[in-house]
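Report on the structure
Each chain, written out:
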Amino acid sequence: MHREIIEALKKVYDKLSNSEALWIISGSVSLAIQGVEVVPNYDIDILTDEVGSNKIYLLLKE
């Protein structure tokens, strides 16, 4: 997996791990984390609910 994606995942995790938002990583990055031989796109797909989307927006808006 690309170093840039790993660094971005670390930042996302650091910001969201202690939040009350429900979230998961999906898409090609999720597959790569699980060991599937796939070249991830340069995006991180985050699934959440409506309440979580507002919380995540505030935590990641910078």
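All figures in this text were calculated on a predicted structure; none of them were measured in a lab.

**Regarding the pattern of salt bridges**
If you walk through the whole model with that rule in mind, you get three salt bridges. Note that Glu7 and Lys10 form a salt bridge whose closest N and O atoms lie 3.7 Å from each other. On the criterion of helical spacing, the pair formed by Glu7 and Lys10 is a turn pair, its members being three residues apart in helix H1 (residues 3-16). One salt bridge connects Lys15 with Glu62, and the closest N-O pair in it is separated by 3.1 Å. Here Lys15, found in helix H1, pairs with Glu62, found in the segment after helix H3 (50-60); they are 47 residues apart in sequence, far enough to count as distant. Relative accessible area serves as the criterion here: at 80%, Glu62 is assigned to the exposed category.

**Remarks on H1**
Between the first and last C-alpha of H1 there are 20 Å, a value that for 14 residues agrees with the 20 Å anticipated at 1.5 Å per step. All of the buried residues in H1 are Ile5, Leu9, Val12 and Leu16. Along H1, the residues classed as buried sweep out an arc of 65° about the axis, all on the same side. In H1, the exposed positions angled more than 90 degrees off the buried face are occupied by Arg3, Lys11 and Asp14. The elements touched by buried residues of H1 are strand E1 (23-26), helix H2 (27-33), strand E2 (45-48) and H3.

About the criteria used
- Residues numbered from 1 in each chain as written.
- Predicted model: local features only at pLDDT ≥ 70, side-chain atom pairs only at ≥ 80, totals over all residues.
- Heavy atoms only, no water.
- Salt bridge = Lys/Arg side-chain N within 4 Å of Asp/Glu carboxyl O.
- Helix = DSSP H or I, 4+ residues; strand = E, 2+ residues; numbered from the N terminus.
- Buried < 20%, exposed > 50% of the residue type's maximum accessible area, 1.4 Å probe, protein only.
- Expected span 1.5 Å × (residues − 1).
- Arc of directions from axis to C-beta.
- Contact = heavy atoms within 4.5 Å.

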